[in-house]
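Spelled out from the first residue to the last, the chains are:
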Number of protein chains: 2
Amino acid sequence: MELRTISAMAKRVNEIIIFVFVALFSKAIGAKPYWRTRWPIDRVSTECLTWQLAVEANNVRGWRIVPAHCLSHIEAYMTGGQYEQDVDYIVEQIESYVSEIVVGEDGMDAWILDIDDTCLSNVIYYKKKKYGCEPYDPMAFKAWAMKGECPAIPGVLGLFSKLVKNGFKVFLITGRDEETLAPSTIANLHDQGFIGYERLTFRSPAYKGKSAVVYKSEIRKQIMEEGYRIWGNVGDQWTDLQGDCLGNRTFKLPNLMYCVP
Amino acid sequence: MELRTISAMAKRVNEIIIFVFVALFSKAIGAKPYWRTRWPIDRVSTECLTWQLAVEANNVRGWRIVPAHCLSHIEAYMTGGQYEQDVDYIVEQIESYVSEIVVGEDGMDAWILDIDDTCLSNVIYYKKKKYGCEPYDPMAFKAWAMKGECPAIPGVLGLFSKLVKNGFKVFLITGRDEETLAPSTIANLHDQGFIGYERLTFRSPAYKGKSAVVYKSEIRKQIMEEGYRIWGNVGDQWTDLQGDCLGNRTFKLPNLMYCVP
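So, here's what we can say about the structure. (Residues numbered from 1 in each chain as written. Chains lettered and ligands numbered in written order. Predicted model: local features only at pLDDT ≥ 70, side-chain atom pairs only at ≥ 80, totals over all residues. Heavy atoms only, no water.)

1. Side note on the overall build of chain A
In step 1: Across its full length, chain A holds ten helices and five strands.
In step 2: Sorting the 261 residues of chain A into buried and exposed places 48% on the buried side.
In step 3: When contacts within chain A are restricted to residue pairs at least 6 apart in sequence, long-range pairs at least 24 apart make up 72% of them.
In step 4: Accessible surface computed for chain A: about 12,800 Å², of which carbon and sulfur atoms make up 60%. (Helix = DSSP H or I, 4+ residues; strand = E, 2+ residues; numbered from the N terminus. Buried < 20%, exposed > 50% of the residue type's maximum accessible area, 1.4 Å probe, protein only. Contact = heavy atoms within 4.5 Å. Areas by Shrake-Rupley, 256 points an atom, 1.4 Å probe, with all protein chains shown as cover.)

2. Comments concerning the nonpolar core
In step 1: Among the nonpolar cores identified, the biggest contains 119 residues, and A:Trp111 and B:Trp111 are the most heavily contacted of them.
In step 2: Residue contributions to this core peak at eight residues, all from helix α5 (residues 82-98) of chain A. (Core = buried A, V, L, I, M, F, W, Y, C linked by side-chain atoms within 4.5 Å.)

3. Some remarks on the interface of chain B and chain A
In step 1: In this assembly, 33 residues from chain B lie in contact with 33 residues from chain A.
In step 2: Of the roughly 3,100 Å² buried between chain B and chain A on both sides combined, carbon and sulfur atoms contribute 54%.
In step 3: Of all residues in chain B, the largest losses of buried area upon contact with chain A belong to B:Thr46, B:Leu53 and B:Asn59, amounting jointly to 21% of the total for that side.
In step 4: Run the count over chain B and chain A and you get zero salt bridges.
In step 5: Our count for the chain B to chain A interface comes out at 16 residue pairs in polar contact (both at pLDDT 80 or more). (Buried area = accessible area lost by both parts, 1.4 Å probe. Salt bridge = Lys/Arg side-chain N within 4 Å of Asp/Glu carboxyl O. Polar contact = N/O pair within 3.5 Å; in protein donor to acceptor, adjacent residues only side chain to side chain.)

4. Details of the sheet that holds strand β2 (residues 169-177) of chain B
All names here are of chain B.
In step 1: Spatially, five strands are ordered β3-β2-β1-β4-β5 in an open sheet, and the strand pairing comes out parallel. Two strands bound the open sheet, and with one partner strand each, they are β3 (199-203) and β5 (249-252). When the angles between neighbouring strand axes are averaged without regard to direction, this sheet yields 20°.
In step 2: Strands in contact with helix α9 (residues 178-191) are β2 and β3; relative to β2, the strand with the most contacts, it is inclined by about 135°. (Pairing = 2+ DSSP bridges. Axes fitted to C-alpha atoms, helices over the stretch in contact; angles between N-to-C directions.)

5. Examining the environment of B:Leu157
In step 1: Tracing the chain through its elements places B:Leu157 in helix α8 (residues 154-165).
In step 2: Ignoring any residue separated from it by four or fewer positions in sequence, one finds B:Leu157 in contact with B:Ala152, B:Gln192, B:Gly193 and B:Phe194.

6. Considering the pattern of salt bridges
Residues and elements named next belong to chain B.
In step 1: Across all of its chains, the model carries 27 salt bridges over all chains by this definition.
In step 2: Of the charged contacts in the structure, one is a salt bridge between Asp109 and Arg229, with a shortest N-O distance of 2.9 Å. Separated by 120 residues along the polypeptide, Asp109 in strand β1 (residues 109-113) and Arg229 in strand β4 (residues 229-235) bring together distant segments of the chain.
In step 3: The exposure class assigned to Arg229 is partly exposed, which follows from its relative accessible area of 32%.
In step 4: Its salt-bridge partner being Glu225, residue Lys221 comes within 3.6 Å of it at the nearest N-O pair. Of the two residues, Lys221 and Glu225 are both situated in helix α10 (residues 212-225); the distance of four residues between them amounts to about one turn of the helix.

7. So, the packing of aromatic side chains
In step 1: For the coordinates displayed, the defined rule picks out 25 aromatic pairs over all chains.
In step 2: Considering the side-chain rings of A:Tyr97 and A:Phe251, the 6.0 Å spacing of their centres and the 50° angle between planes classify their relative orientation as tilted. Of this pair, A:Tyr97 sits in helix α5 while A:Phe251 is found in strand β5 (residues 249-252), placing the two residues 154 residues apart along the sequence. The same class applies to A:Tyr97 as to A:Phe251, namely buried.
In step 3: Aromatic pair B:Tyr125 and B:Phe141: ring centres 5.4 Å apart, planes at 80°, arrangement edge-to-face. A residue pair is termed long-range when its members are at least 10 positions apart, and B:Tyr125 in helix α6 (residues 123-128) and B:Phe141 in helix α7 (residues 138-147) qualify at 16 residues.
In step 4: Members of the aromatic cluster, each reached through a chain of ring pairs, are A:Tyr125, A:Tyr126, A:Phe141, A:Trp144 and A:Tyr258.
In step 5: The ring of A:Tyr97 carries the charged tip of A:Arg249 above its face, separated from the ring centre by 5.5 Å. (Phe/Tyr/Trp six-rings, centres within 6.5 Å; stacked < 30°, edge-to-face > 60°. Lys NZ or Arg CZ within 6 Å of the ring centre and 35° of its normal.)

8. Observations regarding unusual backbone geometry
Residues and elements named next belong to chain A.
In step 1: With a phi close to 60°, Asp117 is a non-glycine residue in the positive phi region.
In step 2: One can find Asp117 in the loop between β1 (109-113) and α6 (123-127).
In step 3: Look at Cys245: it is not a glycine, yet its phi comes out positive at around 50°.
In step 4: Position of Cys245 relative to the elements: it lies in the loop between β4 (229-235) and β5.
In step 5: Among the residues examined, Cys245 registers a relative accessible area of 23% and is labelled partly exposed.

9. Quick look at the environment of B:Leu120
All names here are of chain B.
In step 1: Along the polypeptide, Leu120 turns up in the loop between β1 and α6.
In step 2: Each C-alpha atom of the pair Leu120 and Pro151 lies 5.6 Å from the other, and the pair is 31 residues apart in sequence.
In step 3: For Leu120, the residues in contact, after removing those within four places along its chain, are Ile115, Cys150, Pro151, Ala152, Ile153, Asn188, Leu189, Gln192 and Phe194.

Structure, rendered in C-alpha cells:
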C-alpha cells in the first residue's frame, strides 16, 4: 500500500473521529446541528423564497416595499439566524478571495465598503417598520441614524479589521446625507470598532438627487484616478455594485428589507 | 361616507369572499395553498439555502461541484416545484419589463437567450449525475446533448414566443460546440417549439478554450455592431450576464446543478 494512501486513510479516520465526537457532544448538550435549529423552517414561505431569490439575484429591481404576506417569512429570516449565517458565509468567500491577493508595498490596494446594512445594521429600526412591509419613512430613518446606535454586523466588522491589518486602504462610501448625518455616523462607526479606514464619503449636496449608481460610480472613479487598485467592493444593494469602476470583484450581502434605487 | 371609501370596502369584501371560497375549495380537494405544498419544506437545509443564495447572488464563483450534503436539498428544489416557480416568477418580471419597451419598425430590437437550462432543460440528465453532486462529465453530457431530447423550459418557451410575436429579433448564443452539437441542437430546439429565432450561434473552433464571458461578449459585440439594440439578456449562468455589450437588462435564471466558468 502506498504511503499516500495510508496518509489519506489516516486523515479520513481522523475526520470520522472528529465527526463522531461533535455528533455525540451535540447530542449530550441537546443541540441539533446548527443549520437545522437556526431558521424556523416551518415559517418559510416558498412563495416568499421565490421573491427573495429574485431580489438577491437582481431580477427584481426598484421594488418599493416588501410584499405584505412575506412579513413572517422575513421576520424569521432576519431573527432566526439565517441572515447572519448567510452574511458569515459570504464573508468567508470574501476572506478566501482576499487571502489570494498579494498586497503591494505602495499602499495603493483599496477596498470599498458600503455602510448601511453592510458595516452597520438597521435591523433594530426596521423591526419597528415590519421589516420593510411598511413604506420607507425618510424622517424616521434619519432620526434613527442620528442616534448613532446602529450595531456593527459582526462578520463585516471582522472582515474590516482583517483588511486594515493586511494593508488594504478601506474606503467607506455611503448614501447617507453629509449635512445631517456625518457626525452621528462617524461616532457610530468609531463606537462599533470601525477604526482605521482610509476615507469616509457621504453624499454631499453636489450628489443630491443623483441615483446611487451614478453617485457611487463617480466616487469610485475618483479613487481609481488617484491611483488606487480597487480589489473588492461589498454592499447590500445591487446599486452599490453596478456602474463604473466596480473593482476586481463585487460581493452582494443580503437585504430583503429595502431597496435603494 | 365617501363613494371612494364604499368602493374600496366593496373591493375588500370581494377579496375576502374570493379568499374564503379558495380556502374552502382547497380544503375540499385536500390541497394546501400551493406555496406550502410545492417544495417539501422539511427537506430544506438552511446550510444549503445559504449556499444557494450565495450562488444565485454571484458571491460564490467558479464552483466545480454541488456540496455532497446538499443532494437532497437540490433534489427537492428541482423536483418539488420550487425551481419552476422561481423560473416562472422571473419570466413574469421579464414580461413586465418587455411590456414597457416600444419596439421600433426598423427590426433592430434584439434579445439574447442562452440555451442550456435557459431554453432547454438538462434536469433529466443531471438527475443521473446526482443533480451536480457528481463531477462534470463532458463525454456523458455530449452524448445526452446529441440525443436532442432536452425538454423546453415552459416559462422560457412562452417568453420566447412572446418576444418573437412582439417583433424582437431573438439571438440564441450557446457554449455548445458547433462541430459536434449543431445538428442535434437545431433539431431539439425545433421539436420543442423554439421556432422563429433570428440567429443561433454555437461555439466555433475560433472560440475554443476561451472563457464563456469572452466568447459571449464578442458575439454580443458583433450583434451590436450590426446595429441591433439589445434590450434583454437571459441566462442561467452569471458568465452569460457579465462582460461587454450586456444589453439594457440582464436576468439570471436559477441553476444550482453546475457552474460554467
